[in-house]
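Close look at the chain arrangement
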Amino acid sequence: MKTLAALALLATLSACAPTYTMTAPDGFVRYEKRKGLAFITADGVQVRSRTVKNYPKADLAFWADAMERHLVARGYLLHGKGCFKTANGRDGCTAEFVLPHGGEDWVLAETLFVHGEQIALVEATGPFDRYKKAAPSIAKALMSFEVAD
Amino acid sequence: MKTRLLMTLALLLPAMALAQEPAEARGPAPAPKAASKPAAERPTGDQEAVDGNPAVRKAAEKDAKPGVPRSTNLTATLVVKVVHPEDVRKGAIERARKVGGWPVLVTDTELHLEVPQDALAATVDELAAAGIVLQKSLQRVDLTEQIAQLQARLKSKREILERLRTFFADSDTHSTLRIEQSMTQLVVEIEHLQGELNVAESSARMAHVQVSFQYHQKQRITYVRSPFEWLNTLDIDRFVAEY
């Protein structure tokens with residue numbers, strides 16, 4: 001009985017946390033043991049993924065718009081956005097924001113993929129100049145993003 | 001004769017005082033037409049004029065009163081993010097020198113240039129093309145009235161000086177001393193006014209370009225709560241802390 005309950009719990013947890021796959025962007029190394037995706041460059045540009053609830057349930061365009069409005073209202077400066085299709089045909093939208101952080105200008109890039117009841121967030125950040133050098137390889141790697149349901 | 005000279009001087013001296021009196025002391029001055037708000041809050045309706053849109057420029061010229069050439073001081077302010085600020089800075093200084101301008105302030109994160117007004121749009125465009133423009137604004141201050149006032153005061157003082165010179169021929173020692181004293185004071189005032197006029201005219205000829213390679217507006221980051229819970233988790237500090 002206890003084993004069955006444990007298996008059920010495990011199954012529920014697995015259902016809550018989908019597995020994401022993405023090739024490592026050029027120049028990044030992966031934290032293999034972390035939950036979700038986590039990559040970093042030698043000079044500290046970071047990429048990670050996490051899952052949030054798609055609640056209230058809405059589509060990608062809605063969330064991309066809501067995210068942009070929220071961060072702009074917070075004072076983040078939008079300096080680039082765009083939507084794309086991954087190699088496997090999954091729709092994603094990226095928005096890049098500039099903001100002061102620790103005496104430097106940093107970029108915070110948020111990429112959204114909506115899949116059913118959940119939203120996959122791929123977040124990247126780093127000081128502006130270092131991020132801009134890594135940005136093309138991150139964009140390329142995002143094309144390989146997939147959800148292993 | 002002495003009495004006549006002293007009477008003339010008595011008539012001239014109040015006129016001199018009036019000529020040197022600041023304009024605002026003479027009565028209520030019209031409200032300034034520009035710089036009434038900080039640059040960040042000021043509408044940037046003139047943006048296209050900076051960008052070199054000929055239609056906007058023509059419309060602005062049409063609005064100006066015919067026959068009154070306007071003297072304006074232009075200040076363009078930009079925040080540009082570039083990967084290599086030192087290269088952009090060097091290039092911008094070289095280009096400014098080529099068109100007759102010069103650098104006013106050069107630091108790691110700031111560059112201030114003086115360029116001829118004709119070269120302003122091109123300078124701003126070149127800087128903007130070097131990176132990502134985060135902010136751009138243009139401040140226009142009309143100097144026409146200030147220059148006209150300075151010129152009028154200068155003219156009036158020069159006329160008084162000329163008239164004082166004519167009194168030397170038939171004046172006694174005491175009167176000569178008083179005339180000399182007045183003339184010395186007038187010369188000092190004329191030099192001061194001429195200096196002010198030179199500065200104002202130079203401001204009307206040159207445009208000021210202020211470029212920042214750093215986005216300084218930390219105070220802009222505020223906490224705003226979203227009705228969508230997960231949006232409240234988007235935060236750079238949280239990202240860095242949790243990574």
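Residues numbered from 1 in each chain as written. Chains lettered and ligands numbered in written order. Predicted model: local features only at pLDDT ≥ 70, side-chain atom pairs only at ≥ 80, totals over all residues. Heavy atoms only, no water.

Time to look at the environment of Gln-46 of chain A. Counting through the fold element by element, Gln-46 of chain A comes out in strand 4 (residues 46-53). The class of Gln-46 of chain A is buried, set by a relative accessible area of 11%. Note: C-alpha distance between Gln-46 of chain A and Phe-28 of chain A (18 residues apart in sequence) is 8.5 Å. Excluding residues that lie within four positions of it along the chain, Gln-46 of chain A makes contacts with Phe-39, Ile-40, Glu-123, Ala-124 and Thr-125 of chain A together with Phe-239, Val-240 and Tyr-243 of chain B. (Helix = DSSP H or I, 4+ residues; strand = E, 2+ residues; numbered from the N terminus. Buried < 20%, exposed > 50% of the residue type's maximum accessible area, 1.4 Å probe, protein only. Contact = heavy atoms within 4.5 Å.)

Our next topic: the sheet that holds strand 2 (residues 102-106) of chain B. Residues and elements named next belong to chain B. Read from one edge to the other, the open sheet built from five strands follows the order 2-3-5-1-4, with strand pairing classed as mixed. In this open sheet, the two edge strands, each paired with only one partner strand, are strand 2 and strand 4 (132-142). Strand-to-strand, the axes of this sheet are offset by a mean angle of 15 degrees, without reference to chain direction. Direction of pairing for strand 2 relative to strand 3 (residues 110-116): antiparallel, over a ladder of four bridges. (Pairing = 2+ DSSP bridges. Axes fitted to C-alpha atoms, helices over the stretch in contact; angles between N-to-C directions.)

Now for the state of the cysteines. Residues and elements named next belong to chain A. As enumerated under the stated definition, the model contains one disulfide over all chains in all. At a sulfur-sulfur separation of 1.9 Å, the disulfide partner of Cys-83 is Cys-93. Residues Cys-83 and Cys-93 are joined through a disulfide that is right-handed, its torsion about the S-S bond being 100 degrees. Taken as a pair, Cys-83 in strand 5 (residues 77-85) and Cys-93 in strand 6 (residues 91-101) lie far apart in primary sequence, ten residues in all. With a relative accessible area of 59%, Cys-83 lands in the exposed category. Judged by its relative accessible area of 6%, Cys-93 falls in the buried class. (Disulfide = S-S within 2.5 Å.)

Attention now goes to the sheet that holds strand 3 (residues 38-41) of chain A. All names here are of chain A. The sheet built from seven strands is open, its strands ordered 2-3-4-8-7-6-5 with antiparallel pairing. Only two strands of the sheet have a single partner each, and these edge strands are strand 2 (28-30) and strand 5. With direction set aside, neighbouring strand axes in the sheet form an average angle of 25 degrees. One ladder, built from three bridges, connects strand 3 with strand 4; its direction is antiparallel.

Residues and elements named next belong to chain B. Counted residue by residue, strand 1 (residues 72-81) has nine buried out of ten residues, so it is predominantly covered. Pairing of strand 1 with strand 5 (residues 206-212) involves six bridges; the strand directions are parallel. Each residue of the ladder has a partner; that of Thr-77, found in strand 5, is Gln-210.

Residues and elements named next belong to chain A. Membership of the largest hydrophobic core comes to 28 residues, with the highest contact counts inside it found for Met-22, Val-47, Tyr-131, Ile-138 and Phe-145. Those elements giving two or more residues to this core turn out to be strand 5, strand 7 (104-115), strand 8 (118-127) and helix 3 (128-142). Sorting elements by how many residues they give to this core places helix 3 first, with seven residues. Those residues in contact with Met-22 that sit more than four places away from it in its chain are Leu-37, Phe-39, Val-47, Val-122, Ala-141, Leu-142, Ser-144 and Phe-145. (Core = buried A, V, L, I, M, F, W, Y, C linked by side-chain atoms within 4.5 Å.)

With that settled, the discussion passes to the interface of chain B and chain A. Accessible area lost upon the coming together of the parts is a frequently used measure of interface size. Contact with chain B, which involves 31 residues of that partner, is made by 46 residues of chain A. Buried surface at the junction of chain B and chain A, summed over both partners, amounts to about 3,400 Å²; 66% is from carbon and sulfur atoms. Interface area lost by chain B to chain A is led by Trp-230, Phe-239 and Tyr-243 of chain B, which between them contribute 26%. Where Asp-235 of chain B meets Arg-74 of chain A, a salt bridge forms, and the shortest distance between an N and an O atom there is 2.9 Å. One can count nine residue pairs in polar contact (both at pLDDT 80 or more) joining chain B with chain A. Only strand 4 and helix 8 (236-242) of chain B provide two or more residues apiece to the side of chain B that touches chain A. A total of five residues in the side of chain B that touches chain A trace back to one element, the largest contributor, which is helix 8 of chain B. Across the side of chain B that touches chain A, the residue classes break down as 17 nonpolar, seven polar and seven charged. (Buried area = accessible area lost by both parts, 1.4 Å probe. Salt bridge = Lys/Arg side-chain N within 4 Å of Asp/Glu carboxyl O. Polar contact = N/O pair within 3.5 Å; in protein donor to acceptor, adjacent residues only side chain to side chain. Nonpolar A, V, L, I, M, F, W, Y, C, P; charged D, E, K, R; others polar.)

A separate point is the packing of helix 6 (residues 144-166) of chain B against helix 7 (residues 173-205) of chain B. Residues and elements named next belong to chain B. Close contact between helix 6 and helix 7 brings their axes to 9 Å; oriented N to C, the two are set at 155 degrees. With respect to each other, helix 6 and helix 7 are oriented roughly antiparallel. For the pair helix 6 and helix 7, the crossing hand works out as left-handed. Tallied by class, the residues present in the contact of helix 6 with helix 7 amount to 15 nonpolar, four polar and seven charged. (Parallel < 35°, antiparallel > 145°, perpendicular 65-115°, else oblique. Left-handed = near helix turned anticlockwise from the far one by under 90°.)

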